[in-house]
Each structure stands twice: as structure tokens, then as C-alpha cells.
Amino acid sequence: RSIRRALERGRVPLDQVDLINPHGTSTPVGDRREAEAFAAVFGAAVSGIDISATKSMTGHMMGAAGAFEAVATVLSIHHGIVPGTINHREMDDEIRATGIRVATETKRREIRYAVSNNIGLGGHNGAIVLKRYTGD
């Protein structure tokens, strides 16, 4: 719901989201639910979105995770670089069935919009949508 609301409030066309920085703690239930949420929001278009998990490189910073990951997402947009998710070797069948695509290699890509998603202890959830600045 938070991802959908953030996209709606920003009037963001779903087909222009190029990157998602997930909460991505590498827990079976959490990652599955997050992948299902992405698929529910974006439908079949989710397969064209790069999923790049910052926590794979930094670990979980607890209260600082959301802010740090938002900054990392801004830098990805600014530099046009999708960082590869490290240590990702095998995807669970349930997650594969959602159609998401985890970026495992760092690559250059124009990123028009990106979503940074975070889930807090106790069930709190927040999503922010960030846009590439074009001077408009």
C-alpha cells in the first residue's frame, strides 16, 4: 500500500520506474512478501525494473537504513548506475514466480524514477519515490 500511495501521490507512471531499492534483508518471509508487493503494484512490468539491494553491501543499519538507502538510490539515479546485489546466488521459487529481476551485475542505465522501500520493526512500512532531475 505504501508503494502504491507514493506512486499515486507523485503521479508516477508505473512504466517509468526503472529501479527499486528494496528493504531486502534476505529473510525468506520478508523477501517473499516484498517481491509479492512489487508484483502486485507493477504487474508484468515488474520484470523490467532492476531490483538492487543496498543491504547486500552494507548490512542492516537498523534505524539509519532508510536514510542511507534513500541516499544510495539518489546516487544511482544521478550517476545512472544500478549497483549489483552481491552474494545473490539462488532465488527462491516463490520469489521467482513474482517475475522480479534482481540486478546481480553493476550496470549503467538511465533511471527516470526509483523506489526506495523500507520496513520497520513492528510492521511499519515506508516507500519514497525519487525522480531524476532533468531541469524541468
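Just above sits the structure.
Only a predicted model underlies this, so the values are computations on that prediction, with no experimental measurement involved.

Peer 1: Now, about the overall build of the protein: what can you tell me, with residues and values included?
Peer 2: A tally of regular secondary structure across the protein gives 5 helices and 7 strands. Reading the protein from its N end, one meets helices and strands in the order α-β-α-β-α-α-β-α-β-β-β-β. The C-alpha atoms of the protein give 14 Å as radius of gyration, which agrees with the globular expectation for 136 residues (14 Å, within 12%). A principal-axis box enclosing the C-alpha atoms of the protein has dimensions of 40 × 30 × 25 Å. Counting over 136 residues, the protein shows a buried share of 38%. The long-range fraction of contacts in the protein, counting pairs at least 24 apart against all pairs at least 6 apart in sequence, stands at 71%. Carbon and sulfur atoms form 54% of the exposed surface of the protein, whose accessible area is close to 7800 Å².

Peer 1: Could you give an account of the environment of Val102, with specific residues and numbers?
Peer 2: Counting through the fold element by element, Val102 comes out in strand E4 (residues 101-102). The spatial distance from the C-alpha of Val102 to the C-alpha of Met91 is 9.0 Å, given a sequence separation of 11 residues. Excluding residues within four positions of it along the chain, Val102 makes contact with Ile51, Thr85, His88 and Met91.

Peer 1: Go over the sheet that holds strand E7 (residues 125-131), please, and point to the residues and values.
Peer 2: Spatial ordering of the open sheet is given by E4-E2-E1-E6-E7, a layout of 5 strands whose pairing is mixed. Both outer strands of the open sheet, E4 and E7, are each paired with one neighbouring strand and no more. Relative to strand E6 (residues 113-119), strand E1 (residues 17-21) is paired through 4 bridges, and the arrangement is parallel. Residue pairing for E6: Ile20 is matched across the bridge by Val115. In the packing of helix H2 (residues 28-42) onto the sheet, contacts are made with E1, strand E2 (50-51) and E6, and the angle to E6 comes to roughly 140°.

Peer 1: Please give an account of the packing of helix H1 (residues 2-9) against H2 that cites residues and values.
Peer 2: It is the contact of H1 with H2, at a shortest axis distance of 9 Å, that shows an interaxial angle of 35°. Where H1 crosses over H2, the two elements pack in a sense that is right-handed. Contacts between H1 and H2 pair Ile3, Arg4 and Leu7 from the former with Phe38, Ala40, Val41 and Phe42 from the latter. Along the lines of polarity and charge, the residues of the contact of H1 with H2 split into 6 nonpolar, no polar and 1 charged.

Peer 1: Tell me about empty space enclosed by the protein, and please be specific about residues and values.
Peer 2: Under the definition given, this model contains 1 cavity of 30 Å³ or more. Considering the residues around the largest cavity, the lining is formed by Leu19, Asn21, Ser52, Thr54, Ala72, Thr73, Ser76 and Pro83. Secondary-structure elements contributing two or more residues to the lining of the largest cavity are E1 and helix H4 (65-79). The greatest single-element share of the lining of the largest cavity, amounting to 3 residues, is contributed by H4.

Peer 1: Explain the nonpolar core to me, and be specific about the residues and the numbers.
Peer 2: In terms of nonpolar packing, the biggest core is built from 18 residues, with Leu7, Val17, Phe42 and Ile100 touching the most fellow members. Of all elements in the fold, only H1, E1, H2 and E6 reach the threshold of two or more residues within this core. Among the elements that take part in this core, H2 stands out by supplying 4 residues, more than any other. Non-local contacts of Leu7, meaning those with residues more than four positions away in its chain, are made with Val12, Leu14, Val17, Val41, Phe42, Val115 and Val129. The next biggest cluster of nonpolar side chains, apart from the first, holds 7 residues, and it includes Val82, Ala103, Ile111 and Ala114.

Basis of the calculations
- Residues numbered from 1 in each chain as written.
- Predicted model: local features only at pLDDT ≥ 70, side-chain atom pairs only at ≥ 80, totals over all residues.
- Heavy atoms only, no water.
- Helix = DSSP H or I, 4+ residues; strand = E, 2+ residues; numbered from the N terminus.
- Rg over C-alpha atoms; globule rule 2.2 N^0.38 Å.
- Buried < 20%, exposed > 50% of the residue type's maximum accessible area, 1.4 Å probe, protein only.
- Contact = heavy atoms within 4.5 Å.
- Areas by Shrake-Rupley, 256 points an atom, 1.4 Å probe, with all protein chains shown as cover.
- Pairing = 2+ DSSP bridges.
- Axes fitted to C-alpha atoms, helices over the stretch in contact; angles between N-to-C directions.
- Left-handed = near helix turned anticlockwise from the far one by under 90°.
- Nonpolar A, V, L, I, M, F, W, Y, C, P; charged D, E, K, R; others polar.
- 1 Å grid on protein atoms, 1.4 Å probe; cavity = no way out; pocket = protein on both sides within 12 Å on 5 of 7 lines; lining within 4 Å.
- Points joined across faces, edges and corners; volume = space filled by probe spheres on them.
- Core = buried A, V, L, I, M, F, W, Y, C linked by side-chain atoms within 4.5 Å.

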